[in-house]
Amino acid sequence: MSLWVIDKQAIAPLVTKMMNDYRVVGPLAKGVKFAFGEIEDVADLRLDYDTSILPPKKYLQPQEERMMTFTRSGKPVVETVIDAPPTIILGVHTCDLQGMHVLDEAFSQGFPDAHYLRRRERTLLVGIECLKPCDEHSFCKSMGTLTVSNGYDLHLTDLGDAYAVDVGTEQGAALLNRYGNADNATEIEMQHLNKVLAAKWPRFPYKLEFDAGELSSLMSQAYDSPLWDQLAEICLACGQCTLVCPTCFCFNVYDEVELNLQDGERRRRWDSCQLDEFASVAGDENFRERQAARLRHRFMRKGRYLHEKYGELGCTGCGRCARSCLVDISPVDVFNDLHGARV
Amino acid sequence: MTQSTVATAQEESVYRPVMARLLKVEPMTELEKLFTLELPGGRSLGNEPGQFVEVSLFGIGEAPISISSSPSRSNGTFELCVRSVGDVTRTMHGMEPGALLGVRGPFGHGFPIEKMKGKDILFAAGGLGLAPLRSLINEALDQRGFFGRVIILYGTKQPSEILFEDELRQWADREDVEFHMTVDRGDETWTGNVGVITTLFPQITINPRNTVAATCGPPIMYRFVLMELLGKGIPETQIYLSLERRMKCGVGKCGHCQINDLYCCQDGPVFRYADIKGLEEAL
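Everything quoted here is computed from the prediction, not taken from an experiment. (Residues numbered from 1 in each chain as written. Chains lettered and ligands numbered in written order. Predicted model: local features only at pLDDT ≥ 70, side-chain atom pairs only at ≥ 80, totals over all residues.)

Draft legend 1. Layout of the overall build of chain A. In terms of helices and strands, chain A carries twelve helices and 14 strands. By principal-axis analysis of the C-alpha atoms, chain A measures approximately 70 × 65 × 40 Å. By residue count, 45% of the 343 residues in chain A fall in the buried class. A fraction of 71% describes how many contacts in chain A between residues 6 or more apart in sequence connect residues 24 or more apart. (Helix = DSSP H or I, 4+ residues; strand = E, 2+ residues; numbered from the N terminus. Buried ≥ 20, exposed ≤ 12 C-beta atoms within 10 Å, placed from the backbone. Contact = placed C-beta atoms within 7 Å.)

Draft legend 2. How the structure looks around the overall build of chain B. Within chain B, the secondary structure is distributed over seven helices and 16 strands. Computed over C-alpha atoms, the radius of gyration of chain B comes to 19 Å, within 12% of the 19 Å expected from 2.2 N^0.38 for 283 residues, which places it in the range of a compact globule. A principal-axis box enclosing the C-alpha atoms of chain B has dimensions of 70 × 40 × 35 Å. Within chain B, the proportion of its 283 residues that are buried is 47%. Contacts in chain B between residues at least 24 apart in sequence constitute 70% of all its contacts with a sequence separation of at least 6. (Rg over C-alpha atoms; globule rule 2.2 N^0.38 Å.)

Draft legend 3. Summary view of the interface of chain A and chain B. Contacts between the two partners involve 41 residues from chain A and, on the opposite side, 40 residues from chain B. Counting only elements with at least two residues in the side of chain A that touches chain B, the list comes to strand 4 (64-71), strand 5 (77-83), helix 3 (114-121), strand 11 (251-257), strand 13 (280-281) and helix 10 (291-310) of chain A. Taken together, the residues of the side of chain A that touches chain B break down into 24 nonpolar, seven polar and ten charged. (Nonpolar A, V, L, I, M, F, W, Y, C, P; charged D, E, K, R; others polar.)

Draft legend 4. Unusual backbone geometry, seen in detail. All names here are of chain B. Geometrically, the link from G105 to P106 is a cis peptide bond, its omega value of 5 degrees lying close to zero. Within the element layout of this structure, P106 appears in strand 7 (residues 100-107). Following G268, the chain continues to P269 via a peptide bond in cis, the omega torsion being 5 degrees. By the secondary structure assignment, P269 is in the loop between helix 6 (264-267) and strand 16 (270-272).

Draft legend 5. The arrangement of the domain arrangement of chain A in detail. Residues and elements named next belong to chain A. Segmenting chain A into domains produces domain 1 (3-203) and domain 2 (212-342). The C-alpha centroid of domain 2 is placed 25 Å from the C-alpha centroid of domain 1. Counting residues at the interface gives 36 residues for domain 1 and 30 residues for domain 2. Counting only elements with at least two residues in the side of domain 1 that touches domain 2, the list comes to strand 4, helix 2 (94-108) and helix 4 (140-143). Tallying contributions element by element places helix 2 first for the side of domain 1 that touches domain 2, with nine residues. In the side of domain 1 that touches domain 2, the residues fall into 14 nonpolar, 15 polar and seven charged. (Domains from an automatic or database assignment.)

Draft legend 6. Quick peek at the sheet that holds strand 12 (residues 211-216) of chain B. Residues and elements named next belong to chain B. Taken in spatial order, the seven strands make up an open sheet running 11-10-9-8-12-13-16, and their pairing is mixed. On the outer flanks of this sheet lie strand 11 (193-194) and strand 16, each paired with one strand and no other. Inspection of the sheet shows strand 10 (residues 178-183) paired to strand 11 by two bridges, in the parallel sense. By the bridge assignment for strand 11, V183 is matched with V194. (Pairing = 2+ DSSP bridges.)

Draft legend 7. Molecular detail of the domain arrangement of chain B. Residues and elements named next belong to chain B. Domain boundaries assigned for chain B yield domain 1 (12-107) and domain 2 (113-242). When each unit is reduced to the centre of its C-alpha atoms, the spacing between domain 1 and domain 2 is 24 Å. Counting residues at the interface gives 16 residues for domain 1 and 15 residues for domain 2. In the side of domain 1 that touches domain 2, the residues fall into five nonpolar, seven polar and four charged.

Draft legend 8. Main features of the sheet that holds strand 9 (residues 162-167) of chain A. Residue and element names in this part refer to chain A. Strand order in this open sheet of eight strands is 3-2-6-7-8-9-1-10, and the pairing throughout is mixed. Of all strands in the sheet, those with a lone pairing partner are strand 3 (33-38) and strand 10 (183-184), marking the two edges. Where strand 2 (residues 23-30) meets strand 3, six bridges bridge the pair, whose relative direction is antiparallel. Paired with V25 across the strands is E38, a residue of strand 3.

Draft legend 9. Looking closely at the nonpolar core. Ranked by size, the top nonpolar core spans 163 residues in total, and within it V126 and V165 of chain A together with F123, A213 and A214 of chain B carry the most contacts. Each residue touching V126 of chain A, except ones within four places of it in the same chain, is listed here: I88, I89, L90, G91, V92, Y152, D153, L154 and L156 of chain A. (Core = buried A, V, L, I, M, F, W, Y, C linked by C-beta atoms within 7 Å.)

Draft legend 10. Structural view of the environment of P64 of chain B. All names here are of chain B. You can see P64 is positioned in strand 5 (residues 61-66). Residue P64 is classed as buried on the basis of its 26 C-beta neighbours within 10 Å. Residue contacts for P64: discarding those within four places in its chain leaves F52, E54, M247 and G250.

Draft legend 11. Geometry of the pairing of strand 9 (residues 150-156) of chain B. Residues and elements named next belong to chain B. In terms of burial, strand 9 is a largely internal element, six of the seven residues being buried. Across six bridges, the pairing between strand 8 (residues 120-126) and strand 9 is parallel. Note on strand 9: the bridge partner recorded for G126 is G155. Crossover connection from strand 8 via helix 3 (residues 130-142) to parallel strand 9: handedness right-handed. The sheet contact formed by strand 9 and strand 10 spans six bridges and is parallel. The partner of I151 across the bridge, within strand 10, is E178. You can see the chain leave strand 9, run along helix 4 (residues 165-173) and come back into strand 10, and the turn it takes is right-handed. (Right-handed = clockwise from strand over helix to strand, strands pointing away.)

Have a look at this one:
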């Protein structure tokens, strides 16, 4: 689609206008890190952030959400509830755009998940091109997520004093028309953009020692690797890696009842296959009791299972799991070790 | 600014149960009761043998329960044989006819009854494993002419844990059913076989090529029953197992019931042994 340019000075008024009609969220400083949050003052928006603690998937699949309300008194009444405020997410990195694409597939294939899909439908994504690695844990280039050509409504590239704006969808175009003050990119600006995009690639290292296209077949041969037991020795089974993952979507469902014991809500919240009760059933049977098996299961989902089921790898190379791991288990090391053991 | 929307009919959530009425509650053992339920308007559940439903008790939660009744006897109702073992099932056991409870489903893949036609069927049920198998047994008996021999092996820990006693007697009395049962430990009234279910296998002779096996029981049982079935020469492609997992959502999303790359709630709960024998997490 068409390419536009918007002056950096024009971003603040644009976002302010959006805030009248949408919940507008974006990267904000949180201590020495960054987190996606609802923007209250445009001056807080940090499109120059490195990475966020949690991926912006939390706006599509919230940590907790209501699924239905019920009342038990008299004739029971159950009503589906979908909390889906119209939302614009600003400054989504390309790895996270890919993460959302994985979630789109998971929640739409088979039985469609109306809760996720309604929220997705009401969410507009404004991506931003990464021009330097977040930190030493990023391996987006290896995973092929260092850039994307779709999955966004608008996509920004920092040109210094201005942003180049790529329009990805009609909704994106409408957003720009309605709130923006953008101009068609000139020949000179296009050339500038080409230079910026060309210059970024060498700044990102390849971290995997093999092509990500081989990951799925590598993982199918790695099931009996001794690595799982070795890692389980140090893994604390805390579940942080799954909490920060842009493609983890497992959840648990539970009921909450008011003090009157009659009215309540059925809710769901993020769950983690790393926690020991994840696969347990009533009557004390636990179908994935060993941490080595749980840890392996997570890597199998990331490297193989999701790919087989949805056609997309479950790892985007964002590096968050490695960054948050208390004992430094990193997918780059795991995948490289497995590859090294094979050759 | 949180706007919530109440979903409209055309985008109804797959997680929303319908309210079914409890028609009958029959105690079976100390831990198990048989519940007969009716969907709104008496409409059919439309299940195939081996499928399950998610039962909802609002304020308590939801649990996957296998359907115990056969489609051939549905009559606008369906039956669940439930052991009191968790929050939902314990509460269910306190419920009385007339109560309403939420139901979603049926979900998953059941037994491929059409493929079984023309063959001898060997059933091996351990304990509560009879609950899902009963659906297929009665379906096969109601279409008796389509099947060769019907052989039923059933084992429980002790006589007090025997389920569907009246029905077992009917099966045992039928000339066209070969019924064998055993208990791990007898008591003063027990005059039948004593020993685990595998002790029944030497009593039967089969034509393996023409036999399909359907089995369900506690996790520990499968390994031994499979050895017996394979030991009789039944092909791996003709052995079906119904597996239990934490099938929380029932629709292949929540992740709890995954068996390697398969979802028990969608790919199963009935699996062909040939399809899962390579999966370490299956058995």
